[in-house]
Structure formats: C-alpha cells, structure tokens
Amino acid sequence: MTTIDHHWQRFTLKQKLSRYAVYLVLIMAMVQSIQSVEVIPEFFYDAPEQMADMFNRMWPIDFAYYQVAVHDAMIETLNIATLGTLVTLIFAVPLALMSSHNISSSRWGHWIAKFFLVSSRSVNSLVWALLFVSIFGPGVIAGVLAIALRSVGFVGKLLGEAIDEVHMGSIEALKATGASWMSILLKGYWPQVLPAFFSIILFRWDINVRESAVLGLVGAGGIGVVLSDSMNLFEWQQVSIALLAIFAVVIVAEIVVVQIRKRLI
Amino acid sequence: MVSIDPQKNHENPFKFNWFSAAIWTLIVGYVVYSFNAMGLTWERFAEGLGHADKLMGRMFPPNFERWELLLSGLAESLEIAIIASFVGIILSLFLGLFAARNLMPNWISIPIRGLIALCRTFHPVIIAILFVKSVGFGALAGILTLIVASIGFIAKLFAEAIEEISLKQIEAIRATGASFISVIIFSVMPQVFSRFIGFSVYQLDSNLRNSTMVGIVGAGGLGGTLFSAFQRFDYDFVAAILITIISIIMIGEYLSNIVRRIFK
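Parameters and conventions
- Residues numbered from 1 in each chain as written.
- Chains lettered and ligands numbered in written order.
- Predicted model: local features only at pLDDT ≥ 70, side-chain atom pairs only at ≥ 80, totals over all residues.
- Heavy atoms only, no water.
- UniProt positions renumbered as here; feature names shortened; annotations may be inferred.
- Helix = DSSP H or I, 4+ residues; strand = E, 2+ residues; numbered from the N terminus.
- Rg over C-alpha atoms; globule rule 2.2 N^0.38 Å.
- Buried < 20%, exposed > 50% of the residue type's maximum accessible area, 1.4 Å probe, protein only.
- Contact = heavy atoms within 4.5 Å.
- Areas by Shrake-Rupley, 256 points an atom, 1.4 Å probe, with all protein chains shown as cover.
- Lys, Arg positive; Asp, Glu negative; His and termini not counted.
- Charge placed at Lys NZ, Arg CZ, Asp CG, Glu CD.
- 1 Å grid on protein atoms, 1.4 Å probe; cavity = no way out; pocket = protein on both sides within 12 Å on 5 of 7 lines; lining within 4 Å.
- Points joined across faces, edges and corners; volume = space filled by probe spheres on them.
- Nonpolar A, V, L, I, M, F, W, Y, C, P; charged D, E, K, R; others polar.
- Buried area = accessible area lost by both parts, 1.4 Å probe.
- Salt bridge = Lys/Arg side-chain N within 4 Å of Asp/Glu carboxyl O.
- Polar contact = N/O pair within 3.5 Å; in protein donor to acceptor, adjacent residues only side chain to side chain.
- Axes fitted to C-alpha atoms, helices over the stretch in contact; angles between N-to-C directions.
- Parallel < 35°, antiparallel > 145°, perpendicular 65-115°, else oblique.
- Left-handed = near helix turned anticlockwise from the far one by under 90°.
- Expected span 1.5 Å × (residues − 1).
- Bend = angle between axes of the 7 residues up to and from the residue.
- Phe/Tyr/Trp six-rings, centres within 6.5 Å; stacked < 30°, edge-to-face > 60°.
- Lys NZ or Arg CZ within 6 Å of the ring centre and 35° of its normal.
- Core = buried A, V, L, I, M, F, W, Y, C linked by side-chain atoms within 4.5 Å.

Per an unreviewed UniProt entry, the recorded name for chain B is Phosphonate ABC transporter, permease protein PhnE, and the organism is Marinomonas phaeophyticola. According to the UniProt record, the Sequence similarities (unreviewed entry) comment for chain B reads "Belongs to the binding-protein-dependent transport system permease family." Taken verbatim from the UniProt record of chain B, the Subcellular location (unreviewed entry) comment is "Cell membrane".

As recorded in an unreviewed UniProt entry, chain A goes by Phosphonate ABC transporter, permease protein PhnE and comes from Marinomonas phaeophyticola. Comment text from UniProt for chain A, heading Subcellular location (unreviewed entry), reads "Cell membrane". Turning to chain A, the UniProt record has this under Sequence similarities (unreviewed entry): "Belongs to the binding-protein-dependent transport system permease family."

Structure representation (structure tokens):
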C-alpha cells in the first residue's frame, strides 16, 4: 500500500517565495526609512499639546467673518471647480476617443493619448496651479486651468474605458446604413456612454470641489486665499470659520452628487 | 401586395430630446455667467499665453546641476511615503475590522466610521497645514498627514470589503469552536486579504504622489524643494524636479502592478 505523502497547500512555492520577497522588501524599506528620516522626537512628543493649543486659539469661531470674506471666496471656489470640470472636457473627450480601441486603431494615437493622460495625473493640482500662477499671474484663471488639466487624466482614462465597453451591434447597424463618422459618434457611441459620462463628470466635480479649496494657498483664487491670509496673520478664529465652510461645502457636494447619481443612473 | 408607405413611416428615429437640450442650455448659461462673475476675459488669457511661451523657454533645457539637492528631497519624499503607508495600512487594518457592520456591534462601528469619514473630508493639504502648525516644519508633519489620508481611504474600502464577505465560512469556523481572533484570521482575512493588498498598493502609490506635494506647505520632501525653486524663479530646476516626480511616479505605478499580480 502506498501512502499519499503530500500536504495540501494553498499557494505554490513560487507564489510563497514572491510574496515573502515583497514583505521582505517592504520591511527593509521601512527600516531604512525610519533610520534615515529626519524627525525631531521632541516635536513628536509635544504634538498633542501643540494641537490642543491650536484648537484652543481657533475657538470661538468668528462667524461674523463669513459675510466679510468667506462667502464670496466660497462661491469663487465652486465656480473654479465647476468651470474647471467643464474645461476638462475640451481636452479629455478627444484624448478619450484617441485612446479607445473601438474608435482609433492607430498605435501611435494610443501612445500619445496615454502619455498625455498619465502626465496629467502625475502632476498634482497644486503643482499645476503653481505653473499657471507663474504664467497667468495670481487669480482665478490659474485655478480653473489647474483644475482642468489635473482632471484630464482622470476623466480621459475613465471615459476611454467606457467607450471600450460599448456594444458594437448598434455601431455596425449604423455603419451599414452609410452613416457619416460624426453620426456614428453621436447616435451610436454617445447614447451608450451617456450614463458613464455623467457619472464620471459628477465624481470628478466632487473631487474638484475639494481640490479647488486648497489651490488658493499658492495664489490661484478661491477660499484657499482667505485661509492662507488668515493663517499668515495668525487670525485662528477666522481660519476656523474658513475650515468650517470648506467642511460644509464638501459634505453638501457629496450629498448632491449621490442624489443626482441615484436619480440619473 | 403590401407596400410600405414612405409618408407614413417617415418618422425621425432620433427624436429631439427636450431634457438634454435643457441641460446643454443650462451649461452654456452657466459658462457665460461664471466668466462674468469671475471677470475672466479673452485678453487676459491671450496675454498669459505669451508668458507661457517665455516660461517654456526658461524651463528647457532642464537643469540637473543641483542633483544633490534634488536627490535629498526625493529621498525624504520616499521616506515619508513609505513610513506613512506602513503605519497607515496597519492602523487601517484594525480600524477597517472595527468599522465593519457585520462583525461589530453598532456602538463600536458607528464612532469608528465617523472617525474614518472625518479623515476623508479634508484635503491632505489642509491636514498638512494643521500638522505643520502643530508639530513644526519637516518630515513629521508630512508623515502624519499621509497617515490620516491613508486611513480615510483604506479603512473605508476595507470595511466595505468585509461587509461583502460570505458568512458561510465564518459559520464553519465558528462551528469548530474557534475563538473570535481565530474567526478573524481563518475566515475573514482569507476572503478579503487580496483586496486589502490592492487598496494598500494603490494607497502607497497615491502617498508617493502626495508626498511630493505636502512639501509645498512645509511638510518636508521634494515639494518644498519645488516650491522654493518656483519662488526663486529657477524654472530650469523646476523642470528637472517635475521630470523627476513624473518618472518616479511612473516607476511606482509599474512596481505596484507587479505587486498586484503577485497577490492576485
């Protein structure tokens, strides 16, 4: 009689080894980082006390300041986010069409589109804002363009993927009627990507509201300017009303987006 | 003989859609309004384009002469990203477990969910400002900021992943008389671990991006180097830093794809 002498194992040896290799690299990176990072331990122990002190100075919230400066800046922030999201479409839609395998079959087109999409996403919106502030000067225009160019990568990538998932049946039917390229795009692709399109735009708008609130820190308009001014003047009670306004607007934006998505999709 | 009457069937299959027309009008109206409200004009834009030309001229060729400064900033960014991800991931593992509604009673899960939501509402830059004011300039503020950002993202998604698991395996392990810890380790974790790794890898990636940015408000890393280069108008050095950031992020994306494949 022969005995079965192998144990059941969840992973193969190769899987195990590669997993342990990842863990090992991570731990080594962690140890190396902790040894070389420059952190002053006294600051760390001191942190809770300093935080408490900061929140103390923020209290009571200076509600009167809302009418003085916060309200207009908040409206401006919302405008930057919305207009930026709309301007994104000018760049994102052509790039999405170019990157989709259904529509364009040129390899070069895919590569070029991908390059633009990835570089847009890799540069943070604050860095985009810095660039545009040095081009257009401080103000709203830099904020709108920063939001727009930062969103191109996100919107373009997701829209391209949505176009890739379109059912080709109706497209072929349209082609068989001899429809022009533009009609195929408008009557074949567009109705099918419509729900995905609106959901992507709404999602990005929600993110852009958060991002546009901080662009002012580098001079690109909106509530961030008020925030950084108050902070530089050590007016902590004004800082707290600005933070409260940002908090409220972000929550409301999220609720609005969730509600519209529920109705629409 | 039955024939098709062309007059009768001549109906446009693509009807005019009042709803979408209304939306488009609304959008156009909004654009006009917002341009007026914010005082955007074409002249201003066109004038800026001239400056863009000049800026591009000064940015290229990129100047890598001060590569030591660049490298030390980059090293600090990487350290911030790694430490923050490590601590953030471990904290989120526990917070995610405590926030899952199918494992924990309400009096534990509701406060933990509130905490996670609070971590998510503020943009990392705002959190970074608060930390810079309370723990001073430097890497520590960056690390704390990114830990908060990681918790907001991973703990939330991890809790949602746990809420979707199948309860059969939990019952099976419970039937053997296992303790609560064993139930977690042998029935919950195997079901969600690969997704957890996926979220963690994504967050490591996004911490890397953000660690190059928190420096702009003084929280250490390459962002600080970038911001001071901007303020000194060293645009060729700015270009060098930007190229470094983009390439390090692309490498990070490549590596995270490999890790994701290993843990699939």
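**A short note on the overall build of chain A**
What chain A contains, in helices and strands, is 10 helices and zero strands. Moving toward the C terminus, one meets the helices and strands of chain A in the order α-α-α-α-α-α-α-α-α-α. Rg of the C-alpha trace for chain A: 25 Å, well past the compact-globule value of 18 Å for 265 residues, more than 25% over. Across its three principal directions, the C-alpha atoms of chain A cover 75 × 70 × 40 Å. Burial analysis of chain A (265 residues in total) assigns 47% to the buried set. Sequence separation of 24 or more characterises 75% of the internal contacts of chain A that already satisfy a separation of 6 or more. Element-wise, carbon and sulfur atoms account for 67% of the exposed surface of chain A, whose accessible area totals about 14,500 Å². Between the mean site of the 17 positive side-chain charges and the mean site of the 18 negative ones, chain A shows a separation of 17 Å.

**What about the overall build of chain B?**
From N to C terminus, chain B includes 10 helices and zero strands. In sequence order, chain B lays out its α and β elements as α-α-α-α-α-α-α-α-α-α. In summary, chain B has a C-alpha radius of gyration of 27 Å against a globular reference of 18 Å for 264 residues, an excess of more than 25%. Principal axes of the C-alpha set define a box for chain B whose edges measure 90 × 75 × 35 Å. When the 264 residues of chain B are sorted by exposure, 45% land in the buried category. Accessible surface computed for chain B: about 14,300 Å², of which carbon and sulfur atoms make up 68%. A gap of 8 Å separates the mean positions of the 19 positive and 17 negative side-chain charges of chain B.

**Considerations on empty space enclosed by the protein**
Taken as a whole and assessed by the stated rule, the structure comprises one cavity of 30 Å³ or more. Here the largest cavity is characterised by a volume of approximately 40 Å³. The residue makeup of the lining of the largest cavity, split by class, is four nonpolar, three polar and no charged.

**Regarding the interface of chain A and chain B**
Listed as interface residues are 62 residues of chain A and, on the opposing side, 62 residues of chain B. For the pair chain A and chain B, the summed buried area comes to about 5,700 Å², and 78% of that belongs to carbon and sulfur atoms. Where chain A touches chain B, the interface holds one salt bridge. In this structure, the salt-bridge partner of E254 of chain A is R120 of chain B, at a minimum N-O distance of 3.4 Å. The interface formed by chain A and chain B holds six residue pairs in polar contact (both at pLDDT 80 or more) in total. Counting residues per element, the side of chain A that touches chain B draws most heavily on helix α1 (residues 13-36) of chain A, at nine residues.

**Looking at the packing of helix α6 (residues 139-163) of chain B against helix α8 (residues 180-211) of chain B**
Residues and elements named next belong to chain B. Contact pair α6 / α8: the axes reach a minimum separation of 9 Å and the direction vectors enclose 155°. Comparing their axes, α8 and α6 come out roughly antiparallel. Both α6 and α8 take part in a crossing whose hand is right-handed. Contacts between α6 and α8 involve L146, A149, S150, F153, I154, L157, F158, A161 and I162 on the former and, on the latter, V188, M189, V192, R195, F196, F199, S200, Y202, Q203, N207, N210 and S211. Counted by class, the contact of α6 with α8 contains 14 nonpolar, six polar and one charged residues.

**Considerations on the pattern of salt bridges**
Summed over the entire model, instances satisfying the criterion amount to 13 salt bridges over all chains. The salt bridge partner of D53 of chain A is R57 of chain A, with a shortest N-O separation of 2.9 Å. You can see D53 of chain A and its partner R57 of chain A sitting in helix α2 (residues 41-58), four residues apart, about one turn around the helix. D53 of chain A gets classed as partly exposed once you look at its relative accessible area, which sits at 34%. Looking at R57 of chain A, the relative accessible area reads 41%, which means it is partly exposed. Measuring nitrogen to oxygen at the nearest pair gives 3.2 Å for the salt bridge that ties E164 of chain B to R195 of chain B.

**What to know about the UniProt feature "transmembrane region" (unreviewed entry) in chain B**
Residue and element names in this part refer to chain B. Per the UniProt entry, the sites bearing "transmembrane region" (unreviewed entry) are residues 16-35, 80-100, 112-131, 137-159, 171-193, 213-230 and 237-255 in this numbering. With 90% helix and 0% strand, residues 16-35 has end C-alpha atoms that lie 29 Å from one another. Between the C-alpha atoms that bound residues 112-131 the distance is 22 Å, and the span itself is 90% helix and 0% strand.

**A few points about the UniProt feature "domain: ABC transmembrane type-1" (unreviewed entry) in chain A**
Mapped onto this numbering, the UniProt entry gives "domain: ABC transmembrane type-1" (unreviewed entry) at residues 74-257 of chain A. Annotated as 84% helix and 0% strand, the span residues 74-257 of chain A places its first and last C-alpha atoms 18 Å apart.

**Concerning α8 of chain B**
The end-to-end C-alpha distance of α8 of chain B is 38 Å, clearly below the 46 Å that 32 residues give at a rise of 1.5 Å each. Residue M189 of chain B marks the point of greatest curvature in α8 of chain B, where the axis turns by about 60°; the proline P190 of chain B follows within four residues.

**What to know about the UniProt feature "domain: ABC transmembrane type-1" (unreviewed entry) in chain B**
Look at the UniProt record and you will see "domain: ABC transmembrane type-1" (unreviewed entry) annotated at residues 74-256 of chain B. Split by type, residues 74-256 of chain B is 83% helix and 0% strand. Its first and last C-alpha atoms lie 19 Å apart.

**Remarks on the packing of aromatic side chains**
Under the counting rule described, the total for this entry stands at 14 aromatic pairs over all chains. The ring of F154 of chain A has R204 of chain A lying over it, and the distance from NZ or CZ to the ring centre is 5.0 Å.

**Examining the nonpolar core**
Ranked by size, the top nonpolar core spans 116 residues in total, and within it F132, I223 and L227 of chain A together with M59, V125, V238 and I241 of chain B carry the most contacts. Those residues in contact with F132 of chain A that lie beyond four places of it in its chain are G137, A142, L145, A146 and L149 of chain A. By size, the runner-up hydrophobic cluster in this structure holds 19 residues, among which are V155, L159, L174 and I184 of chain A.

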